[in-house]
Structures are given as structure tokens and as C-alpha cells.
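# Summary of structural features
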Amino acid sequence: MAERIEFQDLKTTNGPQMDQLVAAAERVLRSGRYINGPEVKAFENELAAETGSKYCVAVSNGLDALRLILKAYIVKGILKEGDEVIIPANTFIATFLAATSCGLKPVPADIDESTFCLDFDKLPLTDSTRALIAVHLYGLPCYNKKAYDALKARGVVVIEDNAQALGASVEGKNTGSLADAAAISFYPAKNIGACGDAGAVLTDNEDLARTVRMLANYGASEKYYHILPGCNCRMDEIQAALLRVKLPLIRKIIEDRNRRAALYDAMITSEAVIKPWLPPSDTVHAWHQYVIRHPWRDDLRKYLEIHGIGTEIHYPVPCHLQECYRAEAWDPLPAAERSAKEILSLPIADVTDKEIERTATLINEFKE
Ligand SMILES: *Cc1c(COP(=O)(O)O)cnc(C)c1O
């Protein structure tokens with residue numbers, strides 16, 4: 001039988017850089033400097049240059065990056081407890097947790113079923129809407145200039161959840177630099193992944209960046225002088241050193257993922273499958289996930305598993321229907337709820353052309 005195709009195996013993902021990663025970790029270990037040192041500083045500069053943002057603050061993970069942005073806006077008096085934050089329902093739970101952990105009220109929004117991103121024509125705007133988190137889900141920029149401008153005119157803060165779309169762009173502008181501030185995650189399975197947890201905040205707003213940095217470092221301006229009731233949400237030197245090995249690969253990773261997505265698109269011919277929407281030429285997709293829809297999704301997933309192909313579901317339950325938020329009386333969100341039952345993520349991180357061919361052929365041959 002043919003060899004199993006893993007959904008993603010991080011040993012494979014990190015394999016080609018293993019010697020450099022070991023050398024980077026060793027450099028930090030031997031330096032004796034593990035927190036707030038030169039690796040983090042250098043990584044912040046490199047990431048800001050890559051994304052075209054003026055300021056970058058390296059932090060502990062993607063959830064904390066989102067939380068720190070929201071908290072900084074609260075400290076600045078731009079947001080306050082109880083304010084409504086519009087968030088697409090079909091995101092990773094972290095986007096919702098960031099809002100609720102800051103005392104903000106997440107208002108789940110429905111999605112455009114062709115893009116899986118926010119439906120800008122159906123935003124649940126109210127007089128209490130003060131912020132919106134645009135999630136670039138699966139690596140596709142969630143961007144609409146008219147909608148962003150209209151939100152800005154209403155005084156709504158727009159934050160990008162750029163956890164899945166580092167390296168994507170629209171109209172020549174990188175995700176992470178499209179709105180007021182952006183959160184990035186370097187969770188190991190992300191397009192650029194750390195070997196542990198890590199994240200970053202990007203913004204062109206100097207004051208916001210300074211507040212985020214202070215909050216993440218015990219609210220201190222200098223050691224032992226605490227201005228804000230902050231937290232410890234720093235990226236450590238080892239993760240920064242490892243990420244400095246991987247960040248230069250971003251263009252190649254995006255290129256490879258685009259090629260794989262195009263190959264899936266060409267090879268999958270089954271009429272029962274809805275393939276992902278392909279963006280116009282002014283948009284670069286990061287293809288963090290390649291997500292198809294199928295009416296018999298669970299059967300298809302079992303069938304692929306039997307044939308040795310690992311798949312995932314991102315995400316099986318929309319956030320507003322998760323147990324932790326179920327007590328709230330949410331309006332139904334038909335597009336998000338319907339798609340959650342039919343979506344299936346195919347392997348894209350490290351698969352070869354042959355493996356894509358094998359997967360596509362099996363999908364084409366699948367009969368419910
Ligand atoms: C991964 C992810 C996060 C959270 O990042 P962590 O580093 O795991 O905390 C937030 N939002 C989205 C959309 C993500 O995919």
C-alpha cells in the first residue's frame with residue numbers, strides 16, 4: 001500500500017532547516033541571554049520589514065497578540081468594557097477569547113460562503129460597535145476597501161487577525177498592514193511556525209505599539225517601574241532565534257502553497273466538491289489551508305483516512321455555538337453553520353505533487 005500522507009508532520013516541515021535551527025537555539029543557550037535580548041529585537045525589525053509595518057512587538061502567542069491590542073485600546077480609552085466587537089463566527093476560538101478576556105462583547109458575524117471570510121454586506125453593526133476583527137481565514141485576505149473605509153468613518157477600530165495569512169497581500173499591501181493593528185501567530189503549524197508558542201503585534205501607530213510593549217512586559221517602562229497593570233506576554237530569545245531562521249523562507253513557502261493549491265484545483269474534478277474560491281490577480285493568498293466542501297464530508301473524511309490520507313476540519317463548530325459561549329442567545333448564522341458541516345482541509349503544508357495527485361484521484365473516485 002502507498003505510504004500514508006500526513007495532514008502535517010512538523011518533523012517534515014522543519015526537517016530541511018533542522019541544522020540551522022539547532023545552531024540558532026545553541027547560540028542563544030550559550031549566550032546566557034534568554035529574555036528581552038538581541039534576537040527578539042532583530043526579529044521584530046525583520047518582521048516589520050517583511051510586512052511593511054512601522055512597529056512590531058514580539059509576544060508570547062497569537063491569542064496574547066490579539067488580547068494585547070484590545071487591552072491597549074482599552075488603556076487608551078478608545079475601547080471600554082462592554083463595547084461590541086464584530087468577529088466572524090467561523091474562526092479559531094482565540095479570536096473570540098481575546099474579546100471576552102478583555103471584557104468586550106463579541107458579536108458573531110456571518111460569512112460569505114465563497115470566501116469563508118466576513119460577509120461585509122451583512123455586518124451586525126449597532127450603535128455599540130466599536131471594533132471589528134477581520135480574520136484572514138485560511139490565508140485569504142479578508143479585505144474590502146469600501147467596507148474598511150466605512151468602518152473607519154464610523155470610528156470603528158479594525159484589527160486584523162493575521163494568524164493564518166503572513167505573506168498574503170492585496171493590491172500590493174501585505175496583510176498585517178491593512179488596518180489599525182494586526183496579530184500574528186507563530187504556532188508551530190502556521191505557515192511560519194516557531195518550535196513552541198510565539199506571536200507578534202504589528203501596527204503603524206507608535207503610541208499603540210508602545211502601550212502593547214509595556215503591557216506585555218509587566219506594564220513597565222523601565223525595570224521595576226510599572227505604569228500599567230500589565231502581564232508577562234513576551235516572546236523569548238530562543239523562539240525569536242528559531243523564527244529568524246524561518247522568516248526568510250516566507251516567499252518560497254507562499255509560492256509552494258500557491259502551486260499546490262493550483263494543482264489541487266486542476267486535479268479535483270468531482271462535481272460533488274466545491275473547491276476554494278481563487279482570488280483575483282491583485283490578491284496573494286497564503287493558502288494556510290486548502291479547504292473543500294462536500295455534502296458527505298464525514299464519509300469522505302473516513303474514506304480518505306482508510307486510504308491513508310490525513311485531513312482536518314477548520315473548524316467543526318462555529319465559535320458562537322461552542323459550549324463556552326452557548327449560554328448567550330445568538331442569532332443564527334446560516335452560512336457559517338452550514339459550511340461548518342461540509343468543510344474539509346486537505347494536506348497542503350509539505351505534500352508533493354504526486355501526493356496531491358493521489359489525494360485528488362481518490363476524491364474524484366469517491367462515491368457516497
Ligand atoms: C492560530 C490562531 C490564533 C491563535 O494563535 P496562538 O498562537 O495559537 O495563540 C488566532 N486566530 C487564528 C485565526 C488562528 O488561526
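Residues numbered from 1 in each chain as written. Predicted model: local features only at pLDDT ≥ 70, side-chain atom pairs only at ≥ 80, totals over all residues. Heavy atoms only, no water.

### Comments concerning unusual backbone geometry
Filter applied, for reference: What counts as a helix is a DSSP run of H or I of at least four residues, what counts as a strand is a run of E of at least two, and both are numbered from the N terminus.
Going from His-314 to Tyr-315, the amide bond is cis rather than trans, its omega being 5°. Even without being glycine, Glu-171 reaches a positive phi, approximately 50°. Mapped onto the elements, Glu-171 comes out in the loop between strand S6 (169-170) and strand S7 (173-174).

### As for the packing of aromatic side chains
What counts, and what does not: Two rings from Phe, Tyr or Trp (for Trp, the six-membered ring) form a pair when their centres sit within 6.5 Å of each other. Planes less than 30 degrees apart are called stacked, planes more than 60 degrees apart edge-to-face, and all others tilted. When a residue's accessible area, from a 1.4 Å probe over protein chains only, is under 20% of the maximum for its type it is buried; when over 50% it is exposed; and in between it is partly exposed.
A complete count under the given rule lists nine aromatic pairs for this structure. Seen from their ring centres, Phe-43 and Phe-186 are 5.5 Å apart, and the 70° between their planes marks the pair as edge-to-face. Residue Phe-43 is located in helix H3 (residues 38-51), and its partner Phe-186 is located in the loop between strand S8 (181-185) and strand S9 (199-203); the two are separated by 143 residues in the primary sequence. This pair shows no difference in class: Phe-43 is buried, exactly as Phe-186 is. Three or more aromatic residues joined by ring pairs make a cluster, and in this case those are Phe-120, Tyr-143 and Tyr-148.

### Remarks on the sheet that holds S6
Basically, it comes down to this: DSSP-based pairing: two strands are paired if at least 2 bridges between them are found.
If you trace the three strands from one edge of the open sheet to the other, you get S7-S6-S12, paired in antiparallel fashion. Each edge of the open sheet is held by one strand with a lone partner, namely S7 and strand S12 (283-284). With two bridges joining them, S6 and S7 adopt antiparallel strand pairing. By the bridge assignment for S7, Val-170 is matched with Lys-173.

### Details of the pairing of strand S13 (residues 290-293)
Side chains Tyr-290 and Ile-292 of S13 all project onto a buried face; the interleaved residues Val-291 and Arg-293 project onto the opposite face, where all are buried too. With four bridges connecting them, S13 and strand S14 (residues 343-346) associate as antiparallel partners. Residue pairing across strands places Arg-293 opposite Ile-343, the latter belonging to S14.

### Let's talk about helix H9 (residues 250-267)
Each α-helix turn comprises 3.6 residues. Residues three or four places apart therefore point the same way. Quick reminder of the rule: The span you would expect from a helix comes to 1.5 Å times its residue count less one. Each direction from the helix axis to a C-beta atom contributes to the arc, which is the arc of those directions. Any pair of residues with heavy atoms lying within 4.5 Å of one another is described as a contacting pair.
Its 18 residues give H9 an end-to-end C-alpha distance of 26 Å, which sits within 8% of 26 Å, the value for a rise of 1.5 Å per residue. Inspection of H9 places Ile-250, Ile-253, Ile-254, Asp-256, Arg-257, Arg-260, Ala-261 and Tyr-264 among the buried residues, and these make up the whole buried set. Each buried residue of H9 sits inside an arc of 165° when the element is viewed along its axis, so together they form one side. Away from its buried face, by an angle of more than 90 degrees, H9 presents the exposed residues Glu-255 and Ala-266. Considering only its buried residues, H9 is in contact with H3, helix H8 (237-246), S12, S13, S14 and helix H12 (353-365).

Fair warning: the whole summary comes from geometry, so function is off the table for now.
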